[in-house]
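Per-entry structural report
Take a look at the letters that make up each chain.
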Amino acid sequence: MSVQFIALLTLLTPLASAAIIALFLRKQGTLASIVSTLAAAVVAAGSLTLAFGGSRFGADLGAPVAIEWLKLGDLSISLGFLYNDLAALMLSIVGVVGLCVHVFSLGYMHDDSAKARYFGGLSIFMFSMIGIVLADNLFMIFIFWELVGLSSYLLINHYCLKQSAADASKKAFITNRVGDFGFLLGIILCYYAFGTVNLVEIGHASTAGTVVAAAIPLLLFCGAVGKSAQLPLHVWLPDAMEGPTPVSALIHAATMVAAGIFMLCRIEPLFAAAPAVALQTVMWIGAGTALYAALCAITQSDIKKVLAYSTLSQLGYMVAAFGLGSIEHLHDETKTVVILSAGVGAAMFHLTTHAFFKALMFLGSGSVIHGCHHEQDIFKMGGLSKKMPLTFITFTIGVLAIIGMPGLAGFFSKDAILYLAMENNTPVFVILTVTAVLTAFYMVRMWKLVFLGGTRSEDADHAHEGGASMTLPLLVLGLLSVAGGYEAIYGGHFDGVLKQVAHPHGAAHVTILIVSLAVMIVGAAGALLFYKSGPADSLQQKVPGAFAGLNVLKASFDSAYGYYVAKVQQRFALLLNFLDQILIAGLIVRGLSGVVGLFGLAARALHTGNLHVYVYWFLAGAVILWALAAGTL
Amino acid sequence: MNPLPFDPLLVSIVAPLLAAGLLAIGLPAKLGKAVAAVGFVLPALLALHCWFYFDATGADYAYLTGYDTGLGYFGINLMLGLNGISMPLYLMAGIVGLAAGLYALQSKAERQPLYLGLLLVMQAGLMGVFSSVDVFFFYFFHELALIPTFIMVGIWGGRDRGYAAMKMTIYLTVGAMLSLLGLIALYFKSGADNFTIIELQRAVLANGLSETVQSNIFALLLFGFGILVSLWPFHTWAPLGYSEAPSSAAMLHSGVLKKFGLYGLIQIALPLLPEGFAKWVCLFAALAVFGNLIVIGLVTIAQSDLKKMVGYSSVMHMGYAFLGLACYSAVGIGGVVMMMVAHGLSAALLFLLSTSIHHRTKTFEMSDMGGLVKHAPVLAAFFVAATFASIGLPGLANFWGELAIFVAAWDFSPALTVVSVSGVVISAIYGLRSAAKVFFGSESEAFAKVAAEQKPADLTCCEKLPALILLVALLAIGLWPKTISGPVTAAAEATFANAPAAAVDTAALSR
């Protein structure tokens, strides 16, 4: 089998699975779940074979695969693969996390009445996500970009009789469309600026010194703002937690929301060639999101909402890392200064480790929710460390990874970002450091409330561990959350990306280490001491002002948008509708019909009922017709 | 080439007419239905056949056949043929006609034989519109399809049918009259020997038309055809007419017949009157973008009646089509043709499903629905798919046309492109809102009462079949647009690639 064929197989297997489920297995949920999980296994196997088999292909890398999809005039849209180290890393993440989530879903969704629809949706998602990863041109990315939006919509809306789920799915899709508005314009602009939308050709043109208007990368970035839920389009992600928890793990934590960062890394040459304002905008939006979401996370009482805001915050970290850009680096052996695309390296490195530990925590929360009979309020949990030991251990690994415990995956990737910020931009470094303190704070708060102390509800009393299909993925992801920070496990196969990560040396190394340790200890110890394992929020009791303030901060965007939609957009639409009905339909047309009525009166006058008059009219008509035909008129 | 022993185009027109005639004589109910079914199936099969064996290059016509009508003295001959632009529309007419026919066959309309008969006449007209090379018959077939529409709205329409039928009649007759005037004027001014498009083209190229003449004739055609395509502000007949029309008539009119105007502009007005086009392009592009896309887009958001919402959204989408025409390039025009085909399929599907929803909820008022997915999951799946098609999701046909139009529009006017791309957000808002209101969330009180009286069933097989035909067509083009794009781009390139660039003066807009 040629490598291109394996890639094609990896792409199309989930599509086939979705088609089979939609056509034949609508009512056979169990069979559907098996088909879909097998497809995910094929994807995982395919993606790892490709990545660790060492083959890379696409324009510049040899053996490009592309076929023309549509041609209208000069516009040609093609389907093609660009499988470089970046795509290989992303595809591996999608494959591994995807398989874990599928297996976990077998247990979690075991009793669901619409299992076939759920697994069909997962398969569509896998197909669309792989499409984004492999795509070699912007049109193709956009197409699959919209399709992941569709699968996200379908899966958020899984419990579709719940009003909140119906609203959340709609909100997610529409908010993403707002981002795509800019994305599509950016692609069109790109098409006209370069005459191509092929990623490799754009890269060549940018590095060859073509002047790139800042508008192009910034418009393309709009797409990432929507998909990766950055300020101000972040509002859909917390609501998206209405979907089943494994979906949140796969789509709304590990892969789809990270697609925005992946896309940015794909078009990095454009940013490099554009004025600095483009990258700076990205950096500030990322840093702002990171801090804002971390503040919001502190007051959440729903276990999934805490994780959702944490995801937002971490995505902001990655976007900020990308925006921090390149760095001059003294090469260890050759002692020459090289320019590293450290932004890409750090963002992708953090994306990778985050995918592991955040998927782990989401699945862990799924295990908790499943164990507590669908209780999601952390104040009604407590003491689960004894009831669910395996979940407790793996979840703890996840928490330690995200707060940056030395030796775990998150420690390395977070330090890479902090170091880059320290070198390139001090204010951003401060923001990200504060965010890191907050991260440790809210994560340990949640961890303590869920697992420590005594049980605080009947559901928590009867909590139990799920079956093997639910614990196995936790173990795998737990292992990756530990090992993911060590370059050795990647076997040098993703050097194109991971060698771009800037590592601190000497004094900088010590500074970063101290900062990162201090951050973790301050945040974690603060939360451990401050929060009591009780049924109420300690912050709300002790500092109600701060608690209320944070809640207002959290609600500010939603209420502003709510106001706009209900009071501005809807009223304007109703006004236009009124004008349409009254002015055009009523006055003008009725007025027109009055004119027509006059014609009618005149015509009636001609209809005298006198046969002779009719004969004359007929003759006149015949003469005119004849004159017309003879061409004299 | 055509391996059939007869002319598929002629048969596709005559067969439904014949079936209608048989129904008019009066047949036993069962036999009548069978005859009608043949009348609907045959054109669709012949259209598929013509698509499969289509082998014309450039803007040439395939299956070109002339018939003497005895009116040769007036330059009127029945000449049938398909070029790269008409073939996809002809195919779409066949498919939508089949779906509308099958849906009508399962409906329990009163006086069903008459209903089916009128629908068959409409179908014959539609097949004729897109296969006529002769401008006279092009117009004649349009009228042939239009008149049954009025009658059907008048007899089987909803509450306001009288007003709706009259409004539709006045508007569409005025539109048709204006365009007829334009066509006749074109014929005389060009000095052509007969009414075929081919001859008109030859004559215009040979004789040339002055700018004033071009401008005046173009105005007649633009506004005449524009009314028929519901160009803002001449659109108000459409939402009202469609919301009152019986489902199959709405499917055929909004899906297929409405495209007559755009088709006329593409095949006749634009290529023959480039200078006239240049005079008017800024006006109609602005009307289309601000009027159809933005104003009507927002008005669509305000609708609470499902069928009106679908009707308005159909008006909105015509804005994209006019914007594509304004580009005057192979990409733009090709995009418009792709969009016309896709919109025909998706609009028909939405009207079909709206009626099926009405059968279950007994209302079109969306606030009186909710939670229908519990009773009718398959219907919900179809509706969601149709909604996503109409809002331009990749993988379904409508995406390609919209994308091509956006790309082409940037060349025409970046400002208008930016405004028009915001349409993708607007259509997502009303599309997903309606899906959520009808199917998802909690049941409204009104619907709970209706559901308690008579438990709503899921889509029946007879309803599913026509919906499936349309959805498969949408998917086929969506996944593999080359099913139709090859001939389209060939014809569009031949006609529009070498457009006189100077003729299109867009400076006024960018200023």
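The structure displayed is predicted, hence computed values, not measured ones.

A separate point is the pattern of salt bridges. Once the charged atoms of two side chains with opposite charge are near each other, the side chains can pair. Taken as a whole and judged by the stated rule, the model has 13 salt bridges over all chains. Across the pair Glu487(A) and Lys499(A) runs a salt bridge, and its minimum N-O distance is 3.6 Å. Within this pair, whereas Glu487(A) is found in the loop between helix H21 (468–483) and helix H22 (495–498), its partner Lys499(A) is found in the loop between H22 and helix H23 (506–530), the two being separated by twelve residues in sequence. In this structure, the salt-bridge partner of Arg360(B) is Glu463(B), at a minimum N-O distance of 2.8 Å. Taken together, the residues Arg360(B) in helix H14 (residues 330–361) and Glu463(B) in helix H20 (residues 461–479) connect sequence positions 103 residues apart. Neither residue differs from the other here; Arg360(B) and Glu463(B) are each classed as buried. Through salt bridges with shared partners, a single ionic network connects Lys171(A), Asp239(A) and Asp558(A).

What follows covers the interface of chain B and chain A. Every contact between the two is made by 66 residues of chain B and, on the other side, 52 residues of chain A. Across the interface of chain B and chain A, roughly 5300 Å² is buried in total on both sides, 74% from carbon and sulfur atoms. Area buried by chain B at its contact with chain A is led by Trp400(B), Val407(B) and Trp410(B), which between them contribute 10% of it. Our count for the contact surface shared by chain B and chain A stands at two salt bridges. In this structure, Glu493(B) and Lys71(A) form a salt bridge, with 4.0 Å as the shortest nitrogen-oxygen distance. Run the count over chain B and chain A and you get twelve residue pairs in polar contact (both at pLDDT 80 or more). Secondary-structure elements contributing two or more residues to the side of chain B that touches chain A are helix H6 (161–190), helix H12 (274–302), H14, helix H15 (377–390), helix H16 (398–412), helix H17 (414–421), helix H18 (423–439) and helix H21 (482–497) of chain B. Tallied by class, the residues present in the side of chain B that touches chain A amount to 46 nonpolar, 14 polar and six charged.

Before going further, it helps to spend a moment on the environment of Asn194(B). All names here are of chain B. When you line up the elements, Asn-194 lands in the loop between H6 and helix H7 (197–207). Judged by relative accessible area, which is 22%, Asn-194 ranks as partly exposed. Each C-alpha atom, one on Asn-194 and one on Glu-110, is 44 Å from the other, the two residues being 84 residues apart in sequence. Beyond its immediate stretch of four places on either side in the chain, Asn-194 contacts Gly-75, Tyr-187 and Glu-199.

For the rest of this paragraph, the subject is the side chain of Ser169(A). Take Ser169(A): it is sitting in helix H6 (residues 163–194). Apart from the residues lying within four places of it in its own chain, the contact partners of Ser169(A) are Tyr153(A), Ile156(A) and Asn157(A).

All names here are of chain A. Across the two faces of strand E3 (residues 327–330) the burial differs, with Ile-327 and His-329 buried and Glu-328 and Leu-330 not buried at all. Relative to strand E4 (residues 337–340), E3 is paired through four bridges, and the arrangement is antiparallel. Across the sheet, the residue bridging to His-329 is Val-338, located in E4.

So, on to the pairing of strand E1 (residues 65–72) of chain A. Residue and element names in this part refer to chain A. When E1 meets strand E2 (residues 75–81), the two strands line up antiparallel, connected through seven bridges. From the neighbouring strand, Leu-70 faces E2, where its bridge partner is Ile-77. Between the antiparallel neighbours E1 and E2 lie two residues, among them Gly-73 with a positive phi of about 60°.

About the cut-offs
Residues numbered from 1 in each chain as written. Chains lettered and ligands numbered in written order. Predicted model: local features only at pLDDT ≥ 70, side-chain atom pairs only at ≥ 80, totals over all residues. Heavy atoms only, no water. Salt bridge = Lys/Arg side-chain N within 4 Å of Asp/Glu carboxyl O. Helix = DSSP H or I, 4+ residues; strand = E, 2+ residues; numbered from the N terminus. Buried < 20%, exposed > 50% of the residue type's maximum accessible area, 1.4 Å probe, protein only. Contact = heavy atoms within 4.5 Å. Buried area = accessible area lost by both parts, 1.4 Å probe. Polar contact = N/O pair within 3.5 Å; in protein donor to acceptor, adjacent residues only side chain to side chain. Nonpolar A, V, L, I, M, F, W, Y, C, P; charged D, E, K, R; others polar. Pairing = 2+ DSSP bridges.

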